[in-house]
Amino acid sequence: MPTDLTLTDPEGRLVRLGDLLAGNRFTVIQLVRYFGCLPCQEWCVELDAQGAGLAEAGIGVASVGGSADYQAQWLRDEKGVSMPLLLDPEHEFREAVGAAAPLGVRMLNPRGAVAYVGSLRRGYRPQSITRDTVRSPGVVILDEAGSIRWQHIGKRIGDYPPVEQVIAAAAALR
């Protein structure tokens, strides 16, 4: 991973990937389809809830989406997400981790609809659809040098592994 790659926070400030990774043995990074996606919101909130405990173990957390700074702000301000919510409008980060291909016809997978409805039942509400809705969900774990140590690239909407599985994978890394 190029650690000089830059992302932006919801206010438009540049965040260098190397700075995000610095000081953590590993960093768990959620790839959201877009910050308004219901299963993406839910997984983001679940990961963020684990952030303090993970930080004690030297594991950082962040979420990266393509666009929609206002949706990232909404997650922070209305849902209380405190981890970095970063924007990658040119999908450079996705390209670097091999997750840039759109879902295509896999967006029609019925299990994606089930995930969406489940999040809706648990109180999440959709935000405006953006051009990034076609992206795959995913999770990567990077070490401090930017090497990919673990990853999951979703095959449908809402295809995230359980947060506990990702935390266990991060804890098992050496």
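Everything that follows concerns the structure shown earlier in this document.
All values reported here derive from a predicted model rather than from experimental measurement. (Residues numbered from 1 in each chain as written. Predicted model: local features only at pLDDT ≥ 70, side-chain atom pairs only at ≥ 80, totals over all residues. Heavy atoms only, no water.)

## As for the side chain of D88
Then, number 1: Relative to the elements of secondary structure, D88 occurs in the loop between β5 (85–87) and α5 (92–97).
Then, number 2: Lacking a salt bridge, the buried D88 has R94 as its closest oppositely charged neighbour, with an N-O distance of 6.0 Å.
Then, number 3: Among the polar contacts made by the side chain of D88, one reaches the main-chain amide nitrogen of F93 at a distance of 2.8 Å. (Helix = DSSP H or I, 4+ residues; strand = E, 2+ residues; numbered from the N terminus. Buried < 20%, exposed > 50% of the residue type's maximum accessible area, 1.4 Å probe, protein only. Lys, Arg positive; Asp, Glu negative; His and termini not counted. Salt bridge = Lys/Arg side-chain N within 4 Å of Asp/Glu carboxyl O. Polar contact = N/O pair within 3.5 Å; in protein donor to acceptor, adjacent residues only side chain to side chain.)

## Some points on the nonpolar core
Then, number 1: Formed by 28 residues in total, the largest nonpolar core has its most connected members in V28, F35, W43, L47, M83, L85 and I141.
Then, number 2: Counting only elements with at least two residues in this core, the list comes to β3 (26–31), α2 (38–49), β4 (59–65), α4 (69–79), β5, β6 (138–143) and α7 (163–172).
Then, number 3: Here this core takes five residues from α7, the largest share from any one element.
Then, number 4: Setting aside chain neighbours within four positions, we find L85 in contact with T8, D9, P10, F35, C44, S63, A72, L75 and R76.
Then, number 5: Counting residues in each nonpolar core, the second largest holds 15 residues, with L20, L21, L31 and A62 among its members. (Core = buried A, V, L, I, M, F, W, Y, C linked by side-chain atoms within 4.5 Å. Contact = heavy atoms within 4.5 Å.)

## Some remarks on the side chain of Q30
Then, number 1: For Q30, the position within the fold is in strand β3.
Then, number 2: Reaching out from Q30, the side chain makes a polar contact with the backbone oxygen of C40 at a distance of 3.1 Å.

## A look at the pairing of β6
Then, number 1: Among the six residues in β6, six count as buried, and that is most of the element.
Then, number 2: A two-sided burial pattern is seen for β6, the buried positions comprising G138, V140 and L142 on one face and V139, I141 and D143 on the other.
Then, number 3: Of the strand pairs in this sheet, β3 and β6 are connected by six bridges, and their pairing is antiparallel. Its bridge partner being in β6, T27 is matched across the sheet by L142.
Then, number 4: Direction of pairing for β6 relative to strand β7 (residues 148–153): antiparallel, over a ladder of five bridges. In the sheet register, V140 faces β7, and the bridge partner there is Q151.
Then, number 5: Linking β6 to β7, which pair antiparallel, is a turn of four residues; within it G146 sits at a positive phi near 95°. (Pairing = 2+ DSSP bridges.)

## Description of helix α6 (residues 110–121)
Then, number 1: Over its twelve residues, α6 runs 17 Å from end to end, which matches the ideal 16 Å to within 8%, given 1.5 Å per residue.
Then, number 2: Where α6 terminates, the next one or two residues include G123, which has phi positive at roughly 100°. (Expected span 1.5 Å × (residues − 1).)

## Structural notes on the pattern of salt bridges
Then, number 1: Taken as a whole and judged by the stated rule, the model has six salt bridges.
Then, number 2: A salt bridge links D9 to R13; the nearest nitrogen and oxygen atoms lie 2.8 Å apart.
Then, number 3: R13 gets classed as exposed once you look at its relative accessible area, which sits at 51%.
Then, number 4: Connected through salt bridges with shared partners, the residues D9, E11, R13, R76 and D77 form a single ionic network.

## Overview of the packing of α2 against α6
Then, number 1: One way to put it is that α2 packs onto α6 with a least axis distance of 8 Å and a crossing angle of 60°. Our classification of the angle between α2 and α6 gives oblique. Seen from above, α2 lies across α6 with left-handed handedness. Facing α2, whose interface residues are L38, P39 and E42, α6 presents A115, Y116, S119 and L120.
Then, number 2: Per-class residue counts for the contact of α2 with α6 are five nonpolar, one polar and one charged. (Axes fitted to C-alpha atoms, helices over the stretch in contact; angles between N-to-C directions. Parallel < 35°, antiparallel > 145°, perpendicular 65-115°, else oblique. Left-handed = near helix turned anticlockwise from the far one by under 90°. Nonpolar A, V, L, I, M, F, W, Y, C, P; charged D, E, K, R; others polar.)

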